[in-house]
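Fold and geometry: a report
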Amino acid sequence: MNDATAPRILSLGAGVQSTTLLLLSAEGRLPRLDAAIFADTRWESQEVYDHLDRLEREVAVPAGIPILRASTGDIRRDALDPSARYAQMPLYVRGARGEGMLRRACTAEYKLKALKQLVREILGYPYPQRIPAGLYVEQWIGISLDEASRAVGMVNEVSYMRSEFPLLFLPGGAGPTHLGWTRKDCERYLDSQGFGSTPKSACIGCPYTSNARWRRLRDERPAEWAEAVAFDERIRNGYARSIASGKPLHGEAFLHRSRVPLAQAPIDRVTRGEWAARQTDLFDELADEEQEERGCSPWACRGEDDG
């Protein structure tokens, strides 16, 4: 646990778990945060930005908790700009050698890097200055009880950011004192606070998007759906910089796991995970690769949860 002088920050993915932590801190049920940081890829759905604005207006500002927005670039623009440095998404690919996925580098570049840069500024040692030993922030990460195994294997990547998981352990508590909240507990709490419609945070064109979210984009947010369809078409042979440098993809790339153009993809098919989510609590623990994604945060991608 941190000492009294270490800044306490929240890695705010703006999804269910991290929104819960912000509200609990503002309410006084958890220790007061010094700041919450939203790492912005600049291609989130507008509903996420609207939710973030509401959190700032109705929760953070009244509680004296600044919400800081960090960014290293626009992921969509960079992918389509032949002159831009780009960290690739995990696109689904199909070629002469079979099917697979590109290595995911977007989270490290557009979320983790942005978060670390801002934390350095908070500590007063922006890159490339060396941060003195023993100086750090306590970083809250929204991992709930039902996904506690993720926290067990998570190490502090850099010495100046020490991770805490308040949904698992009470900050300042004696010994292994558990708050013990699952994602369902978080959802019930948010509903009681008027935040029951908290969206999942993810890029509009994230390849890990579920069929259910693709349908919502198509049916409820047609402009964002059109953006995703256009992006899918433009990355078919790889990213702009690779193509411009004479290194096109050996095969074809797609946003949808079916490896067909998004506009033609079978997004109306209800997956097993989605079907289970519609059922009673008997199915809550169903594990399936097609399970509804839960959002993208700096430390938990691939619906590797907290949104």
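Described in the following lines is the structure provided in the data block. Everything numeric in this text was worked out from a predicted model, so none of it was measured. (Residues numbered from 1 in each chain as written. Predicted model: local features only at pLDDT ≥ 70, side-chain atom pairs only at ≥ 80, totals over all residues. Heavy atoms only, no water.)

**Notes on the packing of aromatic side chains**
As a reminder, the rule being used: The rule is short: rings of Phe, Tyr and Trp, with Trp giving its six-membered ring, pair when the centres are within 6.5 Å, and they are stacked under 30 degrees, edge-to-face over 60, tilted in between. Every helix listed is a DSSP run of H or I at least four residues long, and every strand listed is a run of E at least two residues long, numbered separately from the N terminus. Here the term buried applies to any residue with accessible area under 20% of the maximum for its type, exposed to any over 50%, and partly exposed to those in between, with areas from a 1.4 Å probe on protein chains only.
A complete count under the given rule lists six aromatic pairs for this structure. Plain terms: the ring middles of Tyr 86 and Tyr 110 are 6.3 Å apart, the flat faces sit at 50 degrees to each other, and that makes the pair tilted. Of the two residues, Tyr 86 sits in the loop between helix H3 (75-80) and strand S4 (92-95) while Tyr 110 sits in helix H4 (residues 106-123), which places them 24 residues apart along the sequence. The exposure class of Tyr 110 is buried, given its relative accessible area of 1%. Look at Tyr 86 and Tyr 239: their rings are 4.3 Å apart centre to centre, the planes differ by 55 degrees, and that puts the pair in the tilted class.

**What about the layout of surface pockets?**
Where we set the bar: Only protein atoms enter the calculation, which uses a 1 Å grid: trapped sets of points that fit a 1.4 Å probe without letting it out are cavities, open sets showing protein on both sides within 12 Å along at least five of seven lines are pockets, and any residue with an atom within 4 Å of a point is a lining residue. Grid points are joined across faces, edges and corners, and a volume is the space filled by probe spheres set on the points. Residue classes follow a fixed rule: Ala, Val, Leu, Ile, Met, Phe, Trp, Tyr, Cys and Pro count as nonpolar, while Asp, Glu, Lys and Arg count as charged, and any other residue, Gly among them, counts as polar.
There is about 220 Å³ of room inside the second largest pocket. In this structure, the second largest pocket is lined by 13 residues; those nearest its centre are Tyr 86, Gln 88, Leu 102, Tyr 239 and Ser 242. For the lining of the second largest pocket, the residue count by class is seven nonpolar, three polar and three charged.

**Details of the packing of helix H1 (residues 16-27) against helix H2 (residues 46-63)**
Where we set the bar: Helix axes are fitted only over the stretch in contact, all axes being lines through C-alpha atoms; the angle between N-to-C directions runs from 0 to 180 degrees. Reported orientations rely on four angle classes, namely roughly parallel under 35 degrees, roughly antiparallel over 145, roughly perpendicular from 65 to 115, and oblique for the rest. Crossing handedness: left-handed means the near helix sits turned counterclockwise from the far one by under a right angle, and right-handed means the same turn made clockwise. In what follows, residue pairs with any heavy atoms lying within 4.5 Å of each other are defined as contacts.
Contact geometry of H1 with H2 gives a least axis separation of 9 Å together with a crossing angle of 20 degrees. Classed by the angle they form, the pair H1 and H2 counts as roughly parallel. For the element pair H1 and H2, the recorded crossing hand is left-handed. Contacts between H1 and H2 involve Thr 19, Leu 22, Leu 23 and Ala 26 on the former and, on the latter, His 51, Leu 55, Val 59 and Ala 63. Class assignment for the residues of the contact of H1 with H2 results in six nonpolar, two polar and no charged.

**A word on the pattern of salt bridges**
Our working rule: Any carboxyl oxygen of Asp or Glu that lies within 4 Å of a side-chain nitrogen of Lys or Arg is treated as forming a salt bridge with it.
For the structure on display, the rule yields 20 salt bridges. For Glu 252, the salt bridge is made with Arg 94, and the minimal N-O distance between the two is 3.1 Å. Here the residue Glu 252 occupies a position in strand S8 (residues 252-254), and Arg 94 occupies one in strand S4, the gap between them amounting to 158 residues. With a shortest N-O distance of 3.4 Å, Arg 183 and Glu 187 are connected by a salt bridge.

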